[in-house]
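An overview of the molecular structure
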Amino acid sequence: MREGAEVLEVDHHGDKVLRLADGSILKLFRRRRVISSAALYPYARRFANNAAALARLGIPVPQVIEVLRIPSIERDAVRYAPLAGKTLRELLRGGLAPARERELKAAFTRFVVGLHDQGVYFRSLHLGNVVCTPEGRLGLIDFADLRIHPWSLGKYLRARNLRRMQGLDEERDWIDAAAIVGGRPPGGAQ
Ligand SMILES: Nc1ncnc2c1ncn2[C@@H]1O[C@H](COP(=O)(O)OP(=O)(O)O)[C@@H](O)[C@H]1O
Ligand SMILES: [Mg+2]
């Protein structure tokens, strides 16, 4: 599978995300030897189940092709067709015209409010994990670690969900906390 693959992400344990020669993406997760929730319910499986649940909610996500176990390297993996588009982080780093940036920020705020209203707590919320599709919709990648509550999230969880992104210098000002936590319509006074 690795033949002709392009490495998209690595960490100190090795390759993490690969684009395979056929264009599909292979995301690897380390297996835990000891008994843990990751051993009982592997992250690759969670990714696939979350993709299905998010798709049912109408949120654009990559199309999962298969979940794999690769014992020789003690990894689980999920292979998927990429979600067409670019992450908001890529768009931001590529340079955005001010009007376009305002538009995307307002769309991002509406998107997060929509996730929270639908009970989605996306732990890895930041601009690198939100994709803007060619149709101009926002979608998610990187959601192995996500929880969908059967109710709309309360203010406490909404606020907590923003904290990680508020810690990122480049991305902090994309968070309109008043709109996301307080219910003010997005794009109002800054
Ligand atoms: N579905 C996808 N569509 C487009 N790009 C993707 C997709 N999935 C991953 N990528 C790209 O792969 C890389 C890592 O993706 P991600 O799943 O967020 O991994 P990480 O755990 O390293 O954050 C990023 O460079 C991202 O742009
Ligand atoms: Mg990511």
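Residues numbered from 1 in each chain as written. Chains lettered and ligands numbered in written order. Predicted model: local features only at pLDDT ≥ 70, side-chain atom pairs only at ≥ 80, totals over all residues. Heavy atoms only, no water.

Going by the annotation in an unreviewed UniProt entry, the name recorded for the protein chain is Toluene tolerance protein, with Azospira restricta given as the source organism.

**Section: the environment of Val112**
Put simply, the rule reads: Strands here mean DSSP runs of E at least two residues long; helices mean DSSP runs of H or I at least four residues long; both are numbered from the N terminus. In what follows, a contact means two residues having at least one pair of non-hydrogen atoms within 4.5 Å.
The topology assignment puts Val112 in helix 4 (residues 98-117). The spatial distance from the C-alpha of Val112 to the C-alpha of Arg158 is 9.1 Å, given a sequence separation of 46 residues. Excluding residues within four positions of it along the chain, Val112 makes contact with Leu125, Leu162 and Ile180.

**Quick notes on the sheet that holds strand 9 (residues 138-140)**
The line we're drawing: Two strands qualify as a pair provided DSSP detects at least 2 bridges between them. Under this scheme, a helix contributes an axis fitted over its contacting stretch, all axes are lines through C-alpha atoms, and angles between N-to-C directions fall in the 0 to 180 degree range.
Across the sheet, which stays open at both edges, the 3 strands sit in the order 6-8-9 with antiparallel pairing between neighbours. Strand pairing shows two members of the sheet lacking a second neighbour, strand 6 (86-87) and strand 9, which therefore form its edges. Pairing geometry for strand 8 (residues 130-132) and strand 9, over 3 bridges, is antiparallel. Note that in strand 9 the partner of Cys132 across the bridge is Leu138. Across the sheet, helix 4 lies against strand 8 and strand 9, angled at about 55° from strand 9, the strand it touches most.

**Details of the site of ligand 1**
Here is the rule we go by: Residues are labelled near a given molecule or strand when at least one of their non-hydrogen atoms is within 4 Å of it. Counted as a polar contact is a pair of N or O atoms within 3.5 Å, where, for protein atoms, one must be capable of donating a hydrogen and the other of accepting one, and residues adjacent in sequence contribute only when both atoms are in side chains. All accessible areas in this document rest on Shrake-Rupley with a 1.4 Å probe, and a residue is counted as covered only by the protein chains that are shown.
Inspection of the region around ligand 1 gives 15 residues, with Lys27, Tyr80, Leu83, Asn129 and Asp142 positioned closest. Between an oxygen atom of ligand 1 and a side-chain N or O atom of Glu9, the distance comes to 3.1 Å. In this structure, an oxygen atom belonging to ligand 1 sits 3.1 Å away from a side-chain N or O atom of Lys16. In the complex, the protein chains occlude 82% of the 540 Å² of accessible area that ligand 1 would expose alone.

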